[in-house]
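In case you want the letters, here they are:
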Amino acid sequence: MTAFYDRFANSYDWVTRWVSRYRSPEIIAAHLLPPANQSSRVLDVGIGTGASIRELIRSRKFSRIVGIDSSAGMLKRCRAKYPAIELIEGNIAALGPELDGQFDFVVSCGAVEHMPDLPIFLRHAHRLLAESGHLLFTYEPLIARSLFQGKNSPHLGSFGAAKVFRHEPSEVTTQLAKAGFTILKDISFRAYFWLTHQLVVARI
C-alpha cells in the first residue's frame with residue numbers, strides 16, 4: 001500500500017480534486033472547525049498530501065497541527081505545501097507516551113479503511129486525546145451485495161493496489177464504545193464517484 005501512495009503522491013491532489021472530486025476532506029473540516037478555537041491542537045492520522053488540513057490552516061484556529069503517514073512520498077508533498085506543520089513518518093502506534101493527552105482533536109480522513117485493526121487505532125486515538133477531546137474519522141462501510149463495497153471488493157481509490165478493511169457501522173459503534181468514546185454524529189455521505197463513506201464524530 002505504501003509503495004502505491006509513494007508513486008501516487010505527485011498526482012494525488014489533482015486526481016482527487018478534478019477527477020474523483022473526493023469530498024471527505026471538506027466533510028471533516030466542516031465538522032471540525034465549529035468546535036475548534038485558536039488554542040486547539042490536532043493530530044491528523046494518515047495526513048497524506050495534506051488535503052484534510054487545507055481548511056484548518058486557512059482558519060488559523062489551531063495552535064498545533066501534527067500529521068502522521070506511512071508514505072514518505074505523500075509526506076514530502078505535504079511538507080512542500082505546508083512547511084510549518086509537524087510531520088511524522090509512521091503509524092499512530094509509533095507515537096510515544098510523551099504525546100499522550102496532547103491533542104484536542106484526532107482526525108483521520110480516508111485512512112481507517114486501510115488499517116487492519118480498528119480497535120488498536122481507537123485505543124491509541126483515545127490515549128492521545130486530552131480530556132473531552134474529539135475523534136473525527138471517515139471510513140468505507142461494508143455494504144452487503146455491493147459490487148464495489150462488498151467484503152471482497154477491491155479498493156477503488158487505489159485501483160485495487162491498497163488493502164481495504166471495510167466495517168459495518170454497527171461494528172464501528174461497538175468498538176467505539178469499548179474504547180471509551182461517545183458518538184456525537186454518525187453520517188453517511190457520497191465520498192467520490194458512487195462510493196458511500198461514513199463520518200463519525202465522537203468524544204471521550
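These figures come from a predicted structure and were not determined experimentally.

Counted residue by residue, strand β2 (residues 62-69) has 6 buried out of 8 residues, so it is predominantly covered. One crossover worth recording links strand β1 (residues 40-45) to the parallel β2 by way of helix α3 (residues 54-59), and it is right-handed. Sheet analysis places β2 next to strand β3 (residues 86-89), joined by 4 bridges and oriented parallel. Its bridge partner being in β3, Val 66 is matched across the sheet by Glu 86.

The next subject is helix α5 (residues 118-128). When α5 is considered as a whole, its buried residues turn out to be Leu 118, Phe 121, Leu 122, His 124, Ala 125 and Leu 128. On an axial view of α5, the arc spanned by its buried residues comes to 165°, and they lie on one face. Buried residues along α5 sit against β1, β4 (103-108), β5 (129-139) and α6 (169-178). Of the residues flanking the start of α5, the one acting as N-cap is Asp 117, its side-chain oxygen 3.3 Å from the backbone nitrogen of Ile 120.

Right, let's talk about the state of the cysteines for a bit. On inspection of all chains with the given rule, the structure shows 0 disulfides. Note on Cys 78: no disulfide assigned, nearest cysteine sulfur contributed by Cys 109 at a separation of 12 Å. Accessibility expressed as a relative area gives 0% for Cys 78, which makes it buried. Take Cys 109: its relative accessible area is 11%, and that puts it in the buried class.

The rules behind these values
- Residues numbered from 1 in each chain as written.
- Predicted model: local features only at pLDDT ≥ 70, side-chain atom pairs only at ≥ 80, totals over all residues.
- Heavy atoms only, no water.
- Buried < 20%, exposed > 50% of the residue type's maximum accessible area, 1.4 Å probe, protein only.
- Helix = DSSP H or I, 4+ residues; strand = E, 2+ residues; numbered from the N terminus.
- Right-handed = clockwise from strand over helix to strand, strands pointing away.
- Pairing = 2+ DSSP bridges.
- Arc of directions from axis to C-beta.
- Contact = heavy atoms within 4.5 Å.
- Polar contact = N/O pair within 3.5 Å; in protein donor to acceptor, adjacent residues only side chain to side chain.
- Disulfide = S-S within 2.5 Å.

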